[in-house]
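Residue-level listing of the chains:
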Amino acid sequence: MTNMQQTGLRKMTIRKASLHAVTAMGLTLVACTSSESALSDAETTVQASELLIPAAATLERVGELLYDPMADSIHPDPRMASMIRLGFQISQDPQTYASEFVGNDLTCGNCHLNAGQRDRALPLLGVAATFPQYRRRDDRLVSLEDRIGGCFKRSMNGTAPPYDHPVMLALDAYLNWLSEGFTMGERPAWLGQNEIAVEARIPIEELDVNGGEELYNLHCAPCHGLDGQGIDLILAKPGPLWGPLSWNDGAGAARIWKLAGYIKHAMPLTAPGTLTDEEAQLISAYVNSHERPEYPDKDSDFPDGTRPADAVYDTLVFATHPLMRASRRQP
Ligand code: HEC
Ligand code: HEC
């Protein structure tokens, strides 16, 4: 057996062992409940808790990794190993390793906590195996590279690295490494979990930005600052939540319900998951009521013409919206 097979197998063994645990739990549950949905919920929880840093982890665990690309012998081909490591380094410090493509002070890891290895904080484990996929925003088939490029253009307010650029290839390598042993085309249960349930969504125009500001000052400002620019906490430094060095208005985080889903499940890092749906939406509205860079290509998004109601760049809605008036009040 070659080294490559051994390494691949070792990682797969870890995951297979976890999957066996899931099956065992599932069987126990079948014995005590007849509900199939209860079974699949339990499976989701077990799987995520086996393979990801738990959603309830607090600030002291921000630097933790379950899969450490800097460890020895992550890959038998040293060139591959160094690209995987470079991808990880880019994700944690793009200003140093990918500066030409970055237009703000955020890192991938600021939003994808624990380098994409944490539950309910936009995890990236297994993501590579879900591409290519159709996305409504683009209205065409998109690749993993398209998606990485999208986060550069929007979340990082920069430009997409060309497909054959070392920055893109290295991120590709890291994300594919995080998907080793996953089945192509299968979507792990922990993806897409940073959402506010449709029935809990409050219409954008009903969100009281002043109420959001009070909640922000109480729950978020201790780490993010009253000015939203982030305080150096030694263990980590949060990125700017608004202003010229934050995500632009075309980013996923510039959508009120989407950001609320992140805030609800990943923040505050003192006690993640403790805010109500309403509190998370009020805070999200306050954060996104501030000025931020403009995404230049927004006119080509959602070519089918149906923009999501919570996209702050939808000027048709927001020109007359209280959120925009709030942003003029507090530039
Ligand atoms: C401002 C926060 C933020 C930053 C910074 C950010 N992302 Fe994202 N990213 C998101 C959000 C939000 C989503 C999910 C959007 C959605 O649900 O449509 C996402 C989705 C993704 C996905 C697809 C995940 C999936 O479940 O399909 C990938 C891959 C990704 N980001 C990679 C990156 C990389 C690489 C970087 C750094 C170059 C980065 N992101 C920086 C917020 C961010
Ligand atoms: C105990 C400190 C702490 C508290 C309290 C806290 N955060 Fe964070 N937050 C962080 C840290 C640290 C990061 C970046 C983590 C990293 O880079 O690993 C972060 C990241 C974020 C991000 C990703 C984008 C960025 O700018 O870094 C958002 C959005 C966010 N927090 C929102 C909030 C909101 C809203 C609240 C209040 C409900 C809140 N946080 C409370 C520490 C905190």
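Numbering of residues begins from 1 in every chain and follows the order in which that chain's sequence is written. Chain letters and ligand numbers both follow the written order, the letters beginning at A and the numbers at 1. pLDDT decides what is reported in this predicted model: residues at 70 or higher carry local features, side-chain atom pairs at 80 or more are listed and counted, and totals for whole chains, interfaces and linings draw on all residues regardless.

Visitor: Go over unusual backbone geometry, please, and point to the residues and values.
Guide: Most peptide bonds adopt trans geometry, and most residues besides glycine take a negative phi value. Cis peptide bonds are those with omega within 30 degrees of zero, and the linkage from F131 to P132 qualifies with 0°. Segments assigned H or I by DSSP are reported as helices when at least four residues long, segments assigned E as strands when at least two residues long, and all are numbered from the N terminus. Along the polypeptide, P132 turns up in the loop between α6 (113-116) and β1 (133-135). Along the chain, M267 connects to P268 via a cis peptide bond; the corresponding omega equals -15°. Structurally, P268 is set in the loop between α11 (256-266) and α12 (277-288).

Visitor: Give a detailed account of the site of ligand 2, specifying residues and quantitative values.
Guide: Think of it this way: take the backbone, place a C-beta atom on it, and check whether that atom is within 6 Å of the molecule or strand, in which case the residue is near it. Lining the immediate surroundings of ligand 2 are 26 residues, of which N110, C220, C223, G239 and P268 lie closest. In this document the domain limits rely on a domain assignment from an automatic tool or a database. Residue-level mapping places the shell around ligand 2 at the junction of two domains, with at least three residues from each of domain 2 (57-193) and domain 3 (198-329).

Visitor: Explain helix α9 (residues 209-219) to me, using residue names and the numbers behind them.
Guide: With C-beta atoms placed from the backbone, a residue is labelled by how many other C-beta atoms lie within 10 Å of its own: buried for 20 or more, exposed for 12 or fewer, partly exposed between the two. The complete set of buried residues in α9 reads V209, G212, E213, Y216 and H219. For α9, the arc enclosing every buried residue in end-on projection is 150°, short of the 170-degree limit, so these residues lie on one face. To be clear, the arc concerns the directions from the helix axis to the C-beta atoms.

Visitor: With reference to specific residues and values, describe the environment of E180.
Guide: Summarising the element assignment, E180 is placed in the loop between α8 (166-177) and α9. Overall, E180 belongs to the partly exposed group, with 18 C-beta atoms counted inside 10 Å. Considered as a pair, E180 and G126 are 54 residues apart in the sequence and their alpha carbons are 7.5 Å apart.

Visitor: Give a detailed account of the site of ligand 1, specifying residues and quantitative values.
Guide: Among the 23 residues in the neighbourhood of ligand 1, the closest are listed as C108, C111, C151, S155 and G252. Elements that contribute at least two residues to the shell around ligand 1 include exactly α5 (108-111) and α7 (144-153). Residue contributions to the shell around ligand 1 peak at four residues, all from α7. Note that Gly is not counted as nonpolar here; it falls among the polar residues with everything else outside the nonpolar set of Ala, Val, Leu, Ile, Met, Phe, Trp, Tyr, Cys and Pro and the charged set of Asp, Glu, Lys and Arg. For the shell around ligand 1, a count of residues per class yields 16 nonpolar, five polar and two charged. Both domain 2 (57-193) and domain 3 (198-329) contribute no fewer than three residues apiece to the shell around ligand 1.

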